[in-house]
Amino acid sequence: MPASQSPPLPSSPPPVAEDGRRGFFAQASAVVIGGLLVVCPFLAGLSVFADPLRRKSGNGQFLRVARLDALAEDGAPRRFPVVADRRDAWTKYPPAPIGAVFLRRVKSPAQVEAFNVICPHLGCSVSFNAPRDIFQCPCHTSAFDVEGQVLSGPSPRGLDTLECEIRDNGSGSEIWVKFENFHTGRTDKEPKA
């Protein structure tokens, strides 16, 4: 090559740098798409697997408790078990008692009042003393009148009333109670989750 001639200049950047940039974007795109293909099915499967845990418990559902004709006409309270199906995450149990209520007729034969049997003080089960016409807690001697109001003892509030409905099933009237348990030892009536 003569000394007056210089070597030709390249007209474009070296092809190695272009291939390196394209290769980087191709690899990054493959990682992102591959990650989405793994993560999306995993999250969908996790959502299905955890579904029973996210469902609310049966606390607060209306449950059939008794027939209306099982209550005394004079308004005397009577204790009834509350039976329901239970589900613990993925396990379903046969119907079993989940609590108990006192039911009594009030004012008219077709109006019913329901109380949870759990004492609001510390959670013992109260009983009805028919001769004295009061509810009594055997643990700490709290006493309540037939309307559930505190007469004596350490209970911070009266017996917990429950919503109830009378439904006609075609062959007679049934009492349905919205059964709930409440926190004890408090003046406010806060349902348990």
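Here the structure is shown first, and the text comes after it.
(A) Summary view of the pattern of salt bridges. In the structure shown here, the tally under the stated rule is 8 salt bridges. Of the charged contacts, one joins Arg104 and Glu113 as a salt bridge, the two residues approaching to 3.1 Å between their closest N and O atoms. Note on Arg104: relative accessible area 10%, which makes it buried. Its relative accessible area of 21% is what places Glu113 among the partly exposed residues.

(B) Quick peek at the sheet that holds strand β1 (residues 62–67). Strand order in the open sheet formed by 3 strands is β1-β11-β10, with antiparallel pairing between adjacent strands. At either margin of the open sheet sits one strand with a lone partner, and together these are β1 and β10 (164–168). Each strand axis lies, on average, 35° off the axis of its neighbour in the sheet, ignoring direction. Here β1 pairs with strand β11 (residues 173–178) via 5 bridges, running antiparallel. By the bridge assignment, Leu63 is partnered in β11 with Val177.

(C) Focus on the packing of aromatic side chains. Summed over the entire model, instances satisfying the criterion amount to 4 aromatic pairs. For the pair Phe24 and Phe25, a centre-to-centre distance of 5.6 Å together with 65° between the ring planes defines the contact as edge-to-face. Taken individually, Phe24 and Phe25 each receive the classification exposed, so the pair is uniform in this respect. The structure contains a cluster of three or more aromatic residues connected by ring pairs, namely Phe102, Phe115, Phe128 and Phe135. If you follow Arg167 out to its NZ or CZ, it ends over the ring of Trp176, 4.3 Å from the centre.

(D) Inspection of the nonpolar core at higher detail. Membership of the largest hydrophobic core comes to 17 residues, with the highest contact counts inside it found for Val65, Val101, Leu103 and Val177. Elements supplying a minimum of two residues to this core: β1, β2 (78–88), β3 (91–106), β4 (108–116) and β11. The residues contacting Val177, other than those within four sequence positions of it, are Gln61, Phe62, Leu63, Val65, Val101, Leu103, Ala114, Leu162, Glu163 and Cys164. Counting residues in each nonpolar core, the second largest holds 13 residues, with Phe115, Val126, Phe135 and Cys137 among its members.

(E) Spotlight on the sheet that holds strand β6 (residues 134–136). Here 4 strands make up an open sheet; going across it, the order is β5-β6-β7-β8 and the pairing antiparallel. The strands lining the two open edges of the sheet, one partner per strand, are β5 (127–129) and β8 (150–152). Looking at chain direction, β5 and β6 are connected through 3 bridges and run antiparallel. For Phe128, the partnering residue across the bridge sits in β6 and is Phe135.

Reading the values: the criteria
- Residues numbered from 1 in each chain as written.
- Predicted model: local features only at pLDDT ≥ 70, side-chain atom pairs only at ≥ 80, totals over all residues.
- Heavy atoms only, no water.
- Salt bridge = Lys/Arg side-chain N within 4 Å of Asp/Glu carboxyl O.
- Buried < 20%, exposed > 50% of the residue type's maximum accessible area, 1.4 Å probe, protein only.
- Pairing = 2+ DSSP bridges.
- Helix = DSSP H or I, 4+ residues; strand = E, 2+ residues; numbered from the N terminus.
- Axes fitted to C-alpha atoms, helices over the stretch in contact; angles between N-to-C directions.
- Phe/Tyr/Trp six-rings, centres within 6.5 Å; stacked < 30°, edge-to-face > 60°.
- Lys NZ or Arg CZ within 6 Å of the ring centre and 35° of its normal.
- Core = buried A, V, L, I, M, F, W, Y, C linked by side-chain atoms within 4.5 Å.
- Contact = heavy atoms within 4.5 Å.

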